[in-house]
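Summary of structural features
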Amino acid sequence: MLNEDWFKKQGKFIQKMRKRKFPNDTQTRFAARIGVGVTTIRNLEAGKGGVAWETVVKALDILGMKNQLDALFVEPPEIKIKSGESW
């Protein structure tokens, strides 16, 4: 189960990636890149709840990490079991 520490860790990771990709960006400037308010970015980077899924996806896209998110949503191949075989 996810807990508060997990969200904080992910928020810090997003903050680290923002600072790496856009070293001169403040939270305010990064918020403008995404099209949200600075409070939303503060909440995202602090790992607080209530940040919209769309905002998270936009942040990951701008940080060049959306492909990692896309990889989570690949449907696994179908496993076919022949009659009489057990899994």
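Below: a short report on this structure. Please read these numbers as outputs of a predicted model, since none were measured by experiment.

Observations concerning the overall build of the protein
Each helix and strand counted, the protein has 5 helices and 0 strands in total. Listing each helix as α and each strand as β along the protein from the N terminus yields α-α-α-α-α. Taken over 87 residues, the protein has a buried fraction of 25%. Put simply, 44% of the contacts in the protein that link residues at least 6 apart link residues at least 24 apart. Put simply, the protein shows about 6,800 Å² of open surface, and 53% of that area lies on carbon and sulfur atoms.

Section: a nonpolar patch on the surface
A surface patch of nonpolar side chains, about 310 Å² in accessible area, is lined by Leu-2, Trp-6 and Phe-7. Positionally, Trp-6 belongs in helix H1 (residues 4-21).

A short note on the packing of helix H2 (residues 27-34) against helix H4 (residues 53-62)
Interaxial distance between H2 and H4 falls to 10 Å at its minimum, and their mutual angle equals 105°. In terms of their interaxial angle, H2 and H4 are classed as roughly perpendicular. Every residue of H4 that contacts H2 at Phe-30, Arg-33 and Ile-34 is listed here: Thr-55, Lys-58, Ala-59 and Ile-62. In terms of residue class, the contact of H2 with H4 is made up of 4 nonpolar, 1 polar and 2 charged.

Section: H2
Here H2 has its buried residues at Phe-30, Ala-31 and Ile-34. All buried residues of H2 project into a common sector of 105° when viewed along the axis, lining one side. Of the residues trailing H2, Gly-35 is marked for its positive phi of about 90°.

Things to note about the environment of Val-38
In this fold, Val-38 is placed in helix H3 (residues 38-46). Separated by 12 residues in sequence, Val-38 and Thr-26 have C-alpha atoms that sit 9.3 Å apart. Discounting residues that sit within four places of it in the chain, Val-38 has contacts with Gln-27, Thr-28 and Ala-31.

Quick look at the packing of aromatic side chains
Applying the stated criterion across every chain yields a total of 3 aromatic pairs. Relative to Phe-30, the ring of Phe-22 has its centre 6.1 Å away and its plane inclined at 45°; by these criteria the two rings are tilted. Each member of the pair, Phe-22 together with Phe-30, is buried. The interplanar angle of 75° and the centroid separation of 6.4 Å between the aromatic rings of Trp-53 and Phe-73 together place this pair among those described as edge-to-face. Placement of Trp-53 in helix H4 and of Phe-73 in the segment after helix H5 (66-72) is noted, with a sequence separation of 20 residues between them. With respect to burial, Trp-53 and Phe-73 carry one shared label: exposed. Looking at Arg-33, its charged tip hangs above the ring of Phe-22, at a distance of 3.8 Å from the centre.

The rules behind the values
- Residues numbered from 1 in each chain as written.
- Predicted model: local features only at pLDDT ≥ 70, side-chain atom pairs only at ≥ 80, totals over all residues.
- Heavy atoms only, no water.
- Helix = DSSP H or I, 4+ residues; strand = E, 2+ residues; numbered from the N terminus.
- Buried < 20%, exposed > 50% of the residue type's maximum accessible area, 1.4 Å probe, protein only.
- Contact = heavy atoms within 4.5 Å.
- Areas by Shrake-Rupley, 256 points an atom, 1.4 Å probe, with all protein chains shown as cover.
- Patch = residues over 30% accessible without salt bridge, like charges linked within 9 Å, V, L, I, M, F, W, Y side chains within 5 Å.
- Salt bridge = Lys/Arg side-chain N within 4 Å of Asp/Glu carboxyl O.
- Axes fitted to C-alpha atoms, helices over the stretch in contact; angles between N-to-C directions.
- Parallel < 35°, antiparallel > 145°, perpendicular 65-115°, else oblique.
- Nonpolar A, V, L, I, M, F, W, Y, C, P; charged D, E, K, R; others polar.
- Arc of directions from axis to C-beta.
- Phe/Tyr/Trp six-rings, centres within 6.5 Å; stacked < 30°, edge-to-face > 60°.
- Lys NZ or Arg CZ within 6 Å of the ring centre and 35° of its normal.

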